[in-house]
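The chain contents come next:
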Amino acid sequence: MALVVLVSTLSFTVESHYCGEHLVDTAIFTKAKSCKGIVSIENTTIKTKSCCKNTIEVLKGVDHLKLNSFNDLDSSLQHPITTFLYNPIQLFKSLPKLIVPHKNYVPPNLVIDYQVLHDVYII
């Protein structure tokens, strides 16, 4: 639930840099990289023509949150919310402690393993 609130209130900018009609770079939270302009030489002077443009989209999140109390909700909404919160608690009831009678039993040490000796295996 906290993640939903965080994402809905987050605001960010998407900046795109186009050179002509071609997309050069797109950046989120930072400035987009620009390309070099076209250089033309006319009468020994160098001029740069800018065919580039930047577009900035600002995506704004929710500026304010309205906090309501549980009692302000309709009774038709209170019942499903209460049921949703109550049922997972009932799923984790503790089980009675089981007694394992052979917990302290230690099997005897085998001197010779007859099954391996005679290649007899239960399949």
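Our next topic: the overall build of the protein. Helices and strands together make up the secondary structure of the protein, namely three helices and five strands. Counting from the amino terminus, the protein carries its helices and strands in the arrangement α-β-β-β-β-β-α-α. Here the analysis covers contacts within the protein between residues at least 6 apart in sequence; of these, 42% occur between residues at least 24 apart.

Looking now at a nonpolar patch on the surface. A surface patch of nonpolar side chains, about 410 Å² in accessible area, is lined by Leu-77, Ile-81, Phe-84 and Leu-85. Relative to the helices and strands, Ile-81 resides in helix H2 (residues 75-91). With a relative accessible area of 34%, Ile-81 lands in the partly exposed category.

With that out of the way, let us pick up the pairing of strand S2 (residues 22-28). Relative to S2, strand S1 (residues 12-19) runs antiparallel, the two being bridged by six bridges. Looking at the pairing, Ser-16 lines up with Thr-26 of S2. Here S1 folds back onto S2 in antiparallel fashion, the turn holding two residues, of which Gly-20 has a positive phi close to 75 degrees.

A few words now on the sheet that holds strand S5 (residues 52-59). Taken together, three strands build an open sheet; the order of strands is S2-S1-S5 and the sheet is antiparallel. Where the open sheet ends on each side, the last strands, each with one partner, are S2 and S5. Pairwise comparison of adjacent strand axes, ignoring direction, gives a mean angle of 20 degrees for this sheet.

A separate point is the packing of aromatic side chains. Inspection of every chain in the model, using the stated rule, returns zero aromatic pairs. The lysine or arginine in question, Lys-53, covers the ring of Tyr-18, its NZ or CZ lying 5.7 Å from the ring centre.

What counts as what
- Residues numbered from 1 in each chain as written.
- Predicted model: local features only at pLDDT ≥ 70, side-chain atom pairs only at ≥ 80, totals over all residues.
- Heavy atoms only, no water.
- Helix = DSSP H or I, 4+ residues; strand = E, 2+ residues; numbered from the N terminus.
- Contact = heavy atoms within 4.5 Å.
- Patch = residues over 30% accessible without salt bridge, like charges linked within 9 Å, V, L, I, M, F, W, Y side chains within 5 Å.
- Areas by Shrake-Rupley, 256 points an atom, 1.4 Å probe, with all protein chains shown as cover.
- Salt bridge = Lys/Arg side-chain N within 4 Å of Asp/Glu carboxyl O.
- Buried < 20%, exposed > 50% of the residue type's maximum accessible area, 1.4 Å probe, protein only.
- Pairing = 2+ DSSP bridges.
- Axes fitted to C-alpha atoms, helices over the stretch in contact; angles between N-to-C directions.
- Phe/Tyr/Trp six-rings, centres within 6.5 Å; stacked < 30°, edge-to-face > 60°.
- Lys NZ or Arg CZ within 6 Å of the ring centre and 35° of its normal.

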